[in-house]
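Descriptive analysis of the structure
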Amino acid sequence: MQMKKWVSLATFGALLLALGGLSAHRAEATVANGVLYLNRPATMYHGYDDTRQSTGQTLKAGSQWKITGQQESAGVTWYQVVTNTWVTENAQFNPQQSYGVVRLNQTAQPFIRCRGTKIPAPAAI
């Protein structure tokens, strides 16, 4: 007789994030003659210190940018590429999507908990 294994959607989601969510990678930038060369994408920020805010934009890998300023804050070197817009090669500030395959050894059926009762989730979830 085969027993059903119940896995909550929250647990399954946490597993997916842990195995294939965001991971930080070094932007791998070099600077020569006042030009920043990016080997990986780099997130742009307004400001470079504790008040910095992401612009929501990323400089593409393989691009080159004339830097107009360079600052160090908390051991991180920041490069100004546009007025008050900064990038760094530090991994902490350059998240990238990474994907992986999740393999389950046993068949898992997601469920929804409704008022304390487990209800099998629809197949579309």
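Tallying secondary structure elements over the protein chain gives one helix and 13 strands in all. Across the 125 residues in the protein chain, those meeting the buried criterion constitute 25%. For the protein chain, restricting intrachain contacts to residue pairs at least 6 apart in sequence, the fraction spanning at least 24 positions comes to 51%. Of the roughly 8900 Å² of accessible surface on the protein chain, 52% is carried by carbon and sulfur atoms.

Looking now at the nonpolar core. Note that soluble globular proteins tend to have their nonpolar side chains buried in a common cluster. Grouped together as the largest cluster of nonpolar side chains are nine residues: L36, L38, A42, M44, L59, I67, Y79, V81 and V87. Mapped onto this core, the elements with two or more residues apiece are β4 (35–38), β5 (42–46) and β9 (76–82). When residues no more than four places from it in sequence are discounted, the contact partners of M44 are Q53, S54, T55, G56, Q57, L59, V81, T85, W86 and V87. Formed by five residues, the second largest nonpolar core is a distinct cluster that contains Y45, V76, W78 and F93.

On to the pairing of β4, then. Residues L36 and L38 line the buried face of β4, whereas the alternating positions V35 and Y37 sit on a face that is not buried. Taken together, the three bridges between β4 and strand β7 (residues 64–66) define a ladder with antiparallel strand orientation. In the strand pairing of β7, Y37 is matched with Q64.

Let's shift gears to the sheet that holds strand β10 (residues 85–87). The antiparallel open sheet is built from five strands, whose spatial order is β6-β5-β10-β9-β8. Looking along the sheet, the strands with just one partner apiece sit at the ends: β6 (53–59) and β8 (69–73). If you compare each strand with its neighbour and ignore which way they point, the axes differ by 35° on average. Here two bridges tie β5 to β10, and the two strands are oriented antiparallel to one another. By the bridge assignment, Y45 is partnered in β10 with W86.

This next bit is on the pairing of β8. Successive side chains on a regular strand alternate, one facing one side of the sheet and the next facing the other. Sheet topology places β8 next to β9; five bridges connect them, and they run antiparallel. Of the residues in β9, the one forming a bridge with Q71 is W78.

On to the side chain of S63. Within the secondary structure, S63 is located in the loop between β6 and β7. Classification of S63 as buried rests on a relative accessible area of 16%. Within the local environment of S63, its side chain forms a polar contact with the side chain of W65, the two groups lying 2.8 Å apart. Residues within four places of S63 in sequence aside, it is in contact with L36, Y37 and L38.

So, about the packing of aromatic side chains. All told, the structure shown has two aromatic pairs when counted by the stated rule. Their ring planes at 90° and their centres at 5.5 Å tell us that Y45 and W78 sit as a pair that is edge-to-face. Of the two residues, Y45 sits in strand β5 while W78 sits in strand β9, which places them 33 residues apart along the sequence. The pair formed by Y45 and W78 is uniform in burial state, with each residue classed as buried.

Quick notes on the rules
Residues numbered from 1 in each chain as written. Predicted model: local features only at pLDDT ≥ 70, side-chain atom pairs only at ≥ 80, totals over all residues. Heavy atoms only, no water. Helix = DSSP H or I, 4+ residues; strand = E, 2+ residues; numbered from the N terminus. Buried < 20%, exposed > 50% of the residue type's maximum accessible area, 1.4 Å probe, protein only. Contact = heavy atoms within 4.5 Å. Areas by Shrake-Rupley, 256 points an atom, 1.4 Å probe, with all protein chains shown as cover. Core = buried A, V, L, I, M, F, W, Y, C linked by side-chain atoms within 4.5 Å. Pairing = 2+ DSSP bridges. Axes fitted to C-alpha atoms, helices over the stretch in contact; angles between N-to-C directions. Polar contact = N/O pair within 3.5 Å; in protein donor to acceptor, adjacent residues only side chain to side chain. Phe/Tyr/Trp six-rings, centres within 6.5 Å; stacked < 30°, edge-to-face > 60°.

These figures come from the coordinates and say nothing about function on their own.
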